[in-house]
Every structure is written in structure tokens, then in C-alpha cells.
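What the coordinates show
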Protein chains: 2
Amino acid sequence: MFTLFGRPRKHIVVPKLKPRAAKTALNVNRVSLDELTPDLPRYLGQAAYLQLSNLETISGAISSSPSTAAKVALSRVSQTSLAKLNGLLAEIERGGDSPAELMEYFAAPIERFRDSTRGADWYETVITSYITAGMLTDFFTALAGGLPAGPRERIVELLVGNDPSAIVIEQLRDAIDADHQLASRLALWARRLVGDTLLVARSALSVPAGTAPDEARLEPIFTELIAAHTRRMDVLGLTA
Amino acid sequence: MFTLFGRPRKHIVVPKLKPRAAKTALNVNRVSLDELTPDLPRYLGQAAYLQLSNLETISGAISSSPSTAAKVALSRVSQTSLAKLNGLLAEIERGGDSPAELMEYFAAPIERFRDSTRGADWYETVITSYITAGMLTDFFTALAGGLPAGPRERIVELLVGNDPSAIVIEQLRDAIDADHQLASRLALWARRLVGDTLLVARSALSVPAGTAPDEARLEPIFTELIAAHTRRMDVLGLTA
């Protein structure tokens, strides 16, 4: 059986940061995705700008938090995002490049992505970070399979090892359980996010100039991304 | 000679993070301030909420950054703020308290403080973080002198060891040098910030209920805070 993201997403209910990445996170279908991995600078520039954008989304959620407790919890979420961003920036500098220069190339499309996924309130903003960063972390973890061994290992550890899901779930779960209208609104919002996020993921694939990507090859990748997304929604009690 | 903040603020021009706290940062005038130090939970709750507020200010500046390079630089500033916040939260938990509960008490006045110090653009927002967090870090470092030895040492190391000044100076200095109108506007803005920040500092002092603080004792404290502020402005080429 084909599995792009080998690490099964368990239904986490204990509000506790998970220990570092399970090794199984590396069980991605390399054959399928490796040839579509962009070169390292492009990978890093895009991954770093996406993480910066995620950091901004979380920051917005901190500001619109309904309580001090929520602010504190989200400051811990922003820590996981900053850890990933800092690791990616360090990886860029290790390669002798300037972070801002590599990232600049992706500024316009990613700023548009963030604009189009801006939540209307605190709940939607938190869901935006949870869903979009979750999917993109899965995707960039899988895509890292095609990178050279050294960066690949560091990057995968970085991406998988700073998972804020447990904190987000703790913040949202009770409110969702208690309020069907909220659950329904957030489910719709998340469905809306998936399309935009898959387009960003797709734009990260390296497809030879002048050719169309092999749709038959891409399909299982996106099927797996959506399956992981569904598990992420399940944990919140939301319909994907 | 009386000196509240023994560590002389050098005119940093090298855009480089300073190594960890110089020991001399502890040379505060303990005699004068120790008796005004609040109890540890109150100290921590207020310091943590102020840091959370600073993190929000920096986040706002990331969003309004004029360039990707500025965003990246400010993400590093937010890392220094998060390091301080995380350390303070850990210290609260070490004492068996809930961070959100201790911080909640300070939410309303600090949110008002942040509202009243909200910059009109990126430059003002960056200056706000630099000036207000700089003064309050000085102040809480000095105030820590009256805390029990264990927390005191950890807190002082935390506050002094995560100084974002060099990054901020690198971001602002050239623009200020090149634009006299900007320099004049920012100097005015910073002067406006000082008053509000000193009031916040003053509100952190523990004064026995029903008594007025001893103004003669407070004066040198605030004189030193302002002197440190003037040095901070000097580094940017701004008139204090």
C-alpha cells in the first residue's frame, strides 16, 4: 500500500508537546516525489518564506486572542514556527546564501496566499495556521526526500520535530465540541483552505520548463496530503 | 557615584548579537530598589505580560516590514523576545503557578499601554519595541535585585542575555542617517514613548498600601533609566 506520510496521525487528546520526530516520518514514497524536488536553495527559500508567513498568521492570532491563556498558548505555537524558520535560515546561511535573497523570490505569491487565507476571527486564524502549516509541513517533509542527505536529515528533523498540533487542539477542541455552529463554520473554512494550500504545494514542485507535470504521478501525492488533512480535522471533531 | 545600570551601553555599530550577559549588569544599586521589588509572582506576571506585549509589537512590525530582509531581521528580534517570554513562563511554572492566571492581572493596563504606544508605521513600531522593551528590560533587571537569589540569577541572565539592539540598530541606522525628517519624527515619537514607559515601570514598584512612594528615592532610579534611554537613542543618531 502506498503511503506518502508514513507516520500515522494519532488522535492526540493529551495537551502535551510531542517528543521529537518519530523516525517513521521518513517513510515517504521517495520514488514518486524525489524527481520533483527543487534544488536546495529554491526549496529552502520557499519553505522559509512559508514559515515566515505562518509566523505572521500565528502572530495575528495572538493579537486577536480571546484570553490571556490563549495568548500564552499561541506564543508557544509561534515558538515552534520560529524554531522551524530559524533552522531553515541557518540552513540557507550554511549554504552561503542570503536568506532574504532566496526568500524574496517567493514573497509575492506567498503574500497573496496569506491574504487569501486570512481568517475572519481568532478561530479561523488559528485553524488557518493549523491546516495550512500542517499540510505544507507534511509536503515539505516528503519533498525533502529528494534533497542531499545532510540537509535532508536536518530539515526533516526540524520540520517534524516542532509540531504545535497538540497546543492548537487543546485551544480549539472544547469550543468546537460545545458549539455546532462554530464547528460547521470552521469545517467550511478549512475546506476553503485546502484548495489554496494544495496550489502552493504544487507550485513548489520542480517541473522541467515547457512540460506539464505528470498528473498520474501527482495524484497519489495529493491524495495522501488530503488524507493527512482529514485526520487533522478528525482530531478536532471537524468534518473534512 | 550612583549607577543603577552598571553595564555601560556602548555605541554598538557592529550588527551582531551580543554574547550572553556581562556580569556587570548586576551592579545595580540594590539598596535603593530592593525594598520596592514586588513579590516573585507579581514580578513574573507583569514581566511576562510586558514581554508578550512586546512580542505582539514586534509581530506587527514584521507584518508591516518594507522588505523581506526586514521581515527576516525582525523574526530574529522576535526570537529574543520569545526567549525572554518562555524563560519567564518557565519560571512561573517552576513556582507552581499558572502563567495565564498571574499574567491576567496585568492584561488591562498593559493592553492600554500597547494601544497608546502603537506606532503609525514600520519605523515607529520598531522604535516602540526598541525603546519600551529596552527601558523595561533595564528596569526589570534592576528590580530583580530584590528577588530571591535563584530566580534572580536566572531572570537577570534571561533579560540581559537576549538583547536585540544590534539587529534593530542595523535595520534603522541607515534610514535615519539618510533622512532628517524621519530622524526628527522618530525622535519625537520616542520622547512620547518615554513617559508612558516610565509610568509602567513605576506601576511595577511595590509601595505599601496607603502610602505614597518616597519620591526622593525614586528619582535617581528614573534618572538612570532616562540616561540609559539617551544612550540608546544616541546609538541610532537620534536626539533623546
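The structure under discussion appears in the preceding block.
Predicted, not measured: the structure shown is a model, and the values here were computed from it.

1. So, the overall build of chain A
If you tally the helices and strands in chain A, you get ten helices and zero strands. Listed N to C, the secondary structure of chain A is α-α-α-α-α-α-α-α-α-α in terms of helices and strands. When the 240 residues of chain A are sorted by exposure, 55% land in the buried category. Carbon and sulfur atoms provide 56% of the accessible area of chain A, an area that totals close to 10,300 Å².

2. A word on the nonpolar core
Counting 146 residues, the largest nonpolar core has Y43, I127 and F140 of chain A together with Y43, I127 and F140 of chain B as the members making the most contacts within it. When neighbours within four sequence positions are excluded, I127 of chain B is seen to be in contact with T132, L172, L186, W189, A190, L193, L236 and L238 of chain B.

3. Focus on the environment of L88 of chain A
All names here are of chain A. Within the secondary structure layout, L88 lies in helix α3 (residues 68-94). Residue L88 is classed as buried on the basis of its relative accessible area, which comes to 0%. Considering only alpha carbons, one finds L88 and Y49, 39 residues apart in sequence, at a separation of 9.5 Å. With residues near it in sequence (within four places) discarded, L88 still touches L44, A47, A48, Q51 and L158.

4. Observations regarding the relation of the copies chain A and chain B
Placing chain A over chain B gives an RMSD of 0.0 Å and needs a rotation angle of 180°, together with 0.0 Å of translation along the axis. Each copy turns onto its partner about a two-fold axis. Using C-alpha coordinates, one finds that chain A approaches the rotation axis most closely at S59 of chain A, a distance of 2.9 Å. Residue by residue, 100% of the interface of chain A is reproduced at the interface of chain B, so both copies engage with the same surface.

5. Some details on the packing of helix α6 (residues 122-143) of chain B against helix α8 (residues 165-178) of chain B
Residues and elements named next belong to chain B. For the pair α6 and α8, the least separation of the axes is 11 Å and the interaxial angle reads 145°. Where α6 crosses over α8, the handedness of that crossing is left-handed. Within the contact between the two elements, α6 uses W122, Y123, V126, I127 and Y130 and α8 uses S165, V168, I169, Q171, L172 and A175. Tallied by class, residues from the contact of α6 with α8 come to nine nonpolar, two polar and no charged.

6. A short note on the packing of helix α2 (residues 40-63) of chain A against α3 of chain A
Residues and elements named next belong to chain A. At a closest axis distance of 9 Å, the pairing of α2 and α3 adopts a crossing angle of 165°. Between α2 and α3, the angle falls in the class roughly antiparallel. For the element pair α2 and α3, the recorded crossing hand is left-handed. Together, L44, G45, A47, A48, Q51, L52, N54, L55, I58, A61, I62 and S63 of α2 and K71, L74, S75, V77, S78, S81, L82, K84, L85, L88, E91 and I92 of α3 make up the contact between the two elements. Residue classes in the contact of α2 with α3 are distributed as 14 nonpolar, seven polar and three charged.

7. Side note on the pattern of salt bridges
Under the definition given, this model contains 26 salt bridges over all chains. In this structure, the salt-bridge partner of R76 of chain B is E93 of chain A, at a minimum N-O distance of 3.0 Å. Taken together, the positions of R76 of chain B in helix α3 (residues 68-94) and E93 of chain A in helix α3 put the pair across two chains. Residue R76 of chain B is classed as partly exposed on the basis of its relative accessible area of 28%.

8. Here we look at the interface of chain A and chain B
Listed as interface residues are 27 residues of chain A and, on the opposing side, 27 residues of chain B. Taking both partners together, chain A and chain B bury about 2,000 Å²; carbon and sulfur atoms supply 58% of that area. Remark: the boundary between chain A and chain B carries six salt bridges. On the surface where chain A and chain B come into contact, there are eleven residue pairs in polar contact (both at pLDDT 80 or more). Residue assignment for the side of chain A that touches chain B shows that the elements contributing at least two residues are α2, α3, α4 (99-104) and α5 (107-116) of chain A. The element that contributes the greatest number of residues to the side of chain A that touches chain B is α3 of chain A, accounting for 13 residues. Here the residues of the side of chain A that touches chain B are counted per class, giving 13 nonpolar, seven polar and seven charged.

9. Details of the environment of R185 of chain A
All names here are of chain A. For R185, the position within the fold is in helix α9 (residues 180-203). For the pair R185 and A83, spaced 102 residues apart in the sequence, the C-alpha separation amounts to 31 Å. Apart from the residues lying within four places of it in its own chain, the contact partners of R185 are D121 and E124. Within the structure, R185 has its side chain in polar contact with the side chain of D121 (distance 2.8 Å).

Reading the values: the criteria
Residues numbered from 1 in each chain as written. Chains lettered and ligands numbered in written order. Predicted model: local features only at pLDDT ≥ 70, side-chain atom pairs only at ≥ 80, totals over all residues. Heavy atoms only, no water. Helix = DSSP H or I, 4+ residues; strand = E, 2+ residues; numbered from the N terminus. Buried < 20%, exposed > 50% of the residue type's maximum accessible area, 1.4 Å probe, protein only. Areas by Shrake-Rupley, 256 points an atom, 1.4 Å probe, with all protein chains shown as cover. Core = buried A, V, L, I, M, F, W, Y, C linked by side-chain atoms within 4.5 Å. Contact = heavy atoms within 4.5 Å. Least-squares fit on C-alpha atoms with pLDDT ≥ 70 in both. Axes fitted to C-alpha atoms, helices over the stretch in contact; angles between N-to-C directions. Left-handed = near helix turned anticlockwise from the far one by under 90°. Nonpolar A, V, L, I, M, F, W, Y, C, P; charged D, E, K, R; others polar. Parallel < 35°, antiparallel > 145°, perpendicular 65-115°, else oblique. Salt bridge = Lys/Arg side-chain N within 4 Å of Asp/Glu carboxyl O. Buried area = accessible area lost by both parts, 1.4 Å probe. Polar contact = N/O pair within 3.5 Å; in protein donor to acceptor, adjacent residues only side chain to side chain.

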